[in-house]
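# Results of the structural survey
Residues per chain, in single letters:
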Amino acid sequence: MRHLISPLDFTKEEIDSLLNLGADIMNNSDKYAHVCDGKKLATCFYEPSTRTRLSFESAMLNLGGKVLGFSSAQSSSAAKGESVADTIRVISCFADICAIRHPKEGAPSVAAMFSKIPVINAGDGGHNHPTQTLTDLMTIKEKKGRLDNITVGMCGDLKFGRTVHSLINALVRYENVKFILISPEELKIPDYLRKEVLDANNIEYIETSELEENMHKLDILYMTRVQRERFFNEEDYIRLKDSFILDEKKMQYARDDMFVLHPLPRVNEISVDVDNDKRAVYFDQVQYGVYVRMALILRLLELEDKVK
Ligand code: CP
């Protein structure tokens, strides 16, 4: 039985094959409409979510399966003190596969240790968000036609943004990927990512606080929100929250074939006047997330042979 806890749990070849499966699902959805008949997905969310939870639920419903779960710790027996280990043992009696989001880093990994069903990390603290990474990779591949030979700008909260950490981990496995890491000094990427991932893989990158002057170099601009819920101090959040605001004026510095991604939710970091720009693909990204989660469910339940 396999789980998806870290973006590196699948090899590069397995990721490529998942993205191909996601593309086939997108183009031939009828073929997949009953593959999960009789199967159940549990969504155990100890932290707020709109996209990830509903995207998983939509994915399972599209495959003919059913869904159950809870959307906050307060509405589950975690509020009475139940551990993640006990909860997943219980969920294993109710469902065939489980997506779990938790504020504590490593909680999905603990769940996987005690689970009888495949566990998917739907976001753990400031650590990882591997299914957002699959979504981001599918978006880049569909829009640019490749994952090699790209320069990716990551802008905003690179310290607490788990989607940034997961995406860097995944992209360093492709050829000639360069990063321009744009953030305030206090929100730079964690040290371990710089040393153990970027430096260890001889990846070309720069760290800067300048967005405009780097726009013309980018194939992808990955905007992120400043993660209020991870700050110890509200004053620091207020001081940093509007460090970067992408608007149509700044988009004039970008190439015609550059695409803007954002894992969402957006707060102020992308002005709504960018939404109508053909290079703004963050709502397409949400749709790709459903297809790639369908692919992931099929893969972890080993149901691809059932596709006619
Ligand atoms: N991108 C993402 O994780 O969004 P949600 O927090 O709404 O799930």
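Residues numbered from 1 in each chain as written. Predicted model: local features only at pLDDT ≥ 70, side-chain atom pairs only at ≥ 80, totals over all residues. Heavy atoms only, no water.

### A closer look at the site of the ligand
- Close contacts around the ligand come from Ser-49, Thr-50, Arg-51, Thr-52, Arg-101, His-129, Gln-132, Pro-263 and Leu-264, and that covers them all.
- Residue Thr-50 places a main-chain N or O atom 2.8 Å away from an oxygen atom belonging to the ligand.
- Gln-132 has a polar side-chain atom sitting 3.0 Å from a nitrogen atom of the ligand.
- With the chains in place, 91% of the 250 Å² that the ligand exposes on its own is no longer accessible.
- Grouping the amino acids of the shell around the ligand by side-chain chemistry returns two nonpolar, five polar and two charged. (Near = heavy atom within 4 Å. Polar contact = N/O pair within 3.5 Å; in protein donor to acceptor, adjacent residues only side chain to side chain. Areas by Shrake-Rupley, 256 points an atom, 1.4 Å probe, with all protein chains shown as cover. Nonpolar A, V, L, I, M, F, W, Y, C, P; charged D, E, K, R; others polar.)

### What to know about a nonpolar patch on the surface
- Together, Leu-68, Val-90 and Phe-94 make up an exposed nonpolar region whose accessible area comes to about 220 Å².
- Topologically, Leu-68 is positioned in strand S2 (residues 66-70). (Patch = residues over 30% accessible without salt bridge, like charges linked within 9 Å, V, L, I, M, F, W, Y side chains within 5 Å. Salt bridge = Lys/Arg side-chain N within 4 Å of Asp/Glu carboxyl O. Helix = DSSP H or I, 4+ residues; strand = E, 2+ residues; numbered from the N terminus.)

### Focus on unusual backbone geometry
- Here the bond from Leu-264 into Pro-265 is cis, since omega is 5°, no more than 30 degrees from zero.
- The backbone phi angle of Leu-264 is positive, close to 60°, even though this residue is not glycine.
- Position of Leu-264 among the secondary structure elements: in the loop between strand S9 (259-261) and helix H10 (282-300).
- Owing to a relative accessible area of 12%, Leu-264 belongs among the buried residues under this scheme.
- You will see that Glu-302, though not glycine, has its phi angle at about 55°, which is positive.
- Structurally, Glu-302 is set in the segment after H10. (Buried < 20%, exposed > 50% of the residue type's maximum accessible area, 1.4 Å probe, protein only.)

### Remarks on helix H5 (residues 130-144)
- Relative to the 21 Å expected for 15 residues at 1.5 Å per residue, H5 spans 21 Å between its end C-alpha atoms, a close match to the ideal helical length.
- The element H5 is extensively covered by neighbouring structure, given that twelve of its 15 residues are classed as buried.
- Turning to H5, its buried residues number three or more, namely Pro-130, Thr-131, Gln-132, Thr-133, Leu-134, Thr-135, Asp-136, Leu-137, Met-138, Thr-139, Ile-140 and Lys-144. (Expected span 1.5 Å × (residues − 1).)

### Some words on the pattern of salt bridges
- One pass over the structure, following the stated rule, counts 22 salt bridges.
- Between Asp-257 and Arg-255 there is a salt bridge whose closest N-O contact spans 3.5 Å.
- Given the relative accessible area of 39%, Asp-257 is considered partly exposed.
- What you see here is one network of salt bridges that share partners, running through Lys-144, Arg-146, Asp-219, Arg-255 and Asp-257.

### Overview of the nonpolar core
- Ranked by size, the top nonpolar core spans 61 residues in total, and within it Met-154, Ile-168, Leu-171 and Phe-179 carry the most contacts.
- When residues in this core are grouped by element, the largest group, ten residues, is from H10.
- Composition of this core by domain shows at least three residues from each of domain 1 (7-128 + 287-306) and domain 2 (130-286).
- Those residues in contact with Phe-179 that lie beyond four places of it in its chain are Val-152, Met-154, Ile-168, Leu-171, Val-172, Leu-198, Ile-203, Glu-204, Tyr-205 and Ile-206. (Core = buried A, V, L, I, M, F, W, Y, C linked by side-chain atoms within 4.5 Å. Domains from an automatic or database assignment. Contact = heavy atoms within 4.5 Å.)

### Re the domain arrangement of the protein chain
- Domain annotation of the protein chain identifies domain 1 (7-128 + 287-306) and domain 2 (130-286).
- The gap between the C-alpha centroids of domain 1 and domain 2 is 25 Å.
- Taken together, the contact pairs 35 residues of domain 1 with 27 residues of domain 2.
- Summed over both partners, the interface of domain 1 with domain 2 buries about 2700 Å², with 58% contributed by carbon and sulfur atoms. (Buried area = accessible area lost by both parts, 1.4 Å probe.)

### Focus on helix H2 (residues 51-62)
- Here H2 is twelve residues long and its end C-alpha atoms lie 16 Å apart, about the 16 Å a rise of 1.5 Å per residue gives.
- Among all positions in H2, only Thr-52, Arg-53, Ser-55, Phe-56, Glu-57, Ala-59 and Met-60 are buried.
- Where H2 is buried, its residues contact strand S1 (40-45), S2, strand S3 (97-102), strand S4 (119-124), H5 and H10.
- Positive phi appears at Gly-64, one or two residues downstream of H2, with a value of about 95°.

### Things to note about the environment of Gly-38
- By the secondary structure assignment, Gly-38 is in the loop between helix H1 (12-27) and S1.
- With a relative accessible area of 70%, Gly-38 lands in the exposed category.
- Each C-alpha atom of the pair Gly-38 and Ser-72 lies 26 Å from the other, and the pair is 34 residues apart in sequence.
- When residues no more than four places from it in sequence are discounted, the contact partners of Gly-38 are Gly-64 and Asp-96.

### Let's talk about the state of the cysteines
- Tallied over the full model, the rule gives zero disulfides.
- Cys-98 provides the cysteine sulfur closest to Cys-44, a residue in no disulfide bond, and the two sulfurs are 3.8 Å apart. (Disulfide = S-S within 2.5 Å.)

### Quick notes on the pairing of strand S8 (residues 220-223)
- Alternating residues of S8 divide into Ile-220 and Tyr-222 and Leu-221 and Met-223, and every residue in both groups is buried.
- Judged from the four bridges that link them, strand S5 (residues 150-155) and S8 form a sheet pairing that is parallel. Within the sheet, the bridge partner assigned to Met-154 lies in S8 and is Tyr-222. (Pairing = 2+ DSSP bridges.)

### Things to note about the sheet that holds strand S7 (residues 205-208)
- In spatial order, the strands read S7-S6-S5-S8-S9; together these five strands make up an open sheet with parallel pairing. Strands at the two margins of the open sheet, each flanked by one partner only, are S7 and S9. Going across the sheet, the axis of each strand differs from the next one's by a mean of 20°, ignoring polarity.
- Judged from the three bridges that link them, S8 and S9 form a sheet pairing that is parallel. Note that in S9 the partner of Ile-220 across the bridge is Phe-259.
- Against the sheet, helix H6 (residues 162-171) touches S5, strand S6 (177-182) and S8, its axis set at about 165° to S5. (Axes fitted to C-alpha atoms, helices over the stretch in contact; angles between N-to-C directions.)

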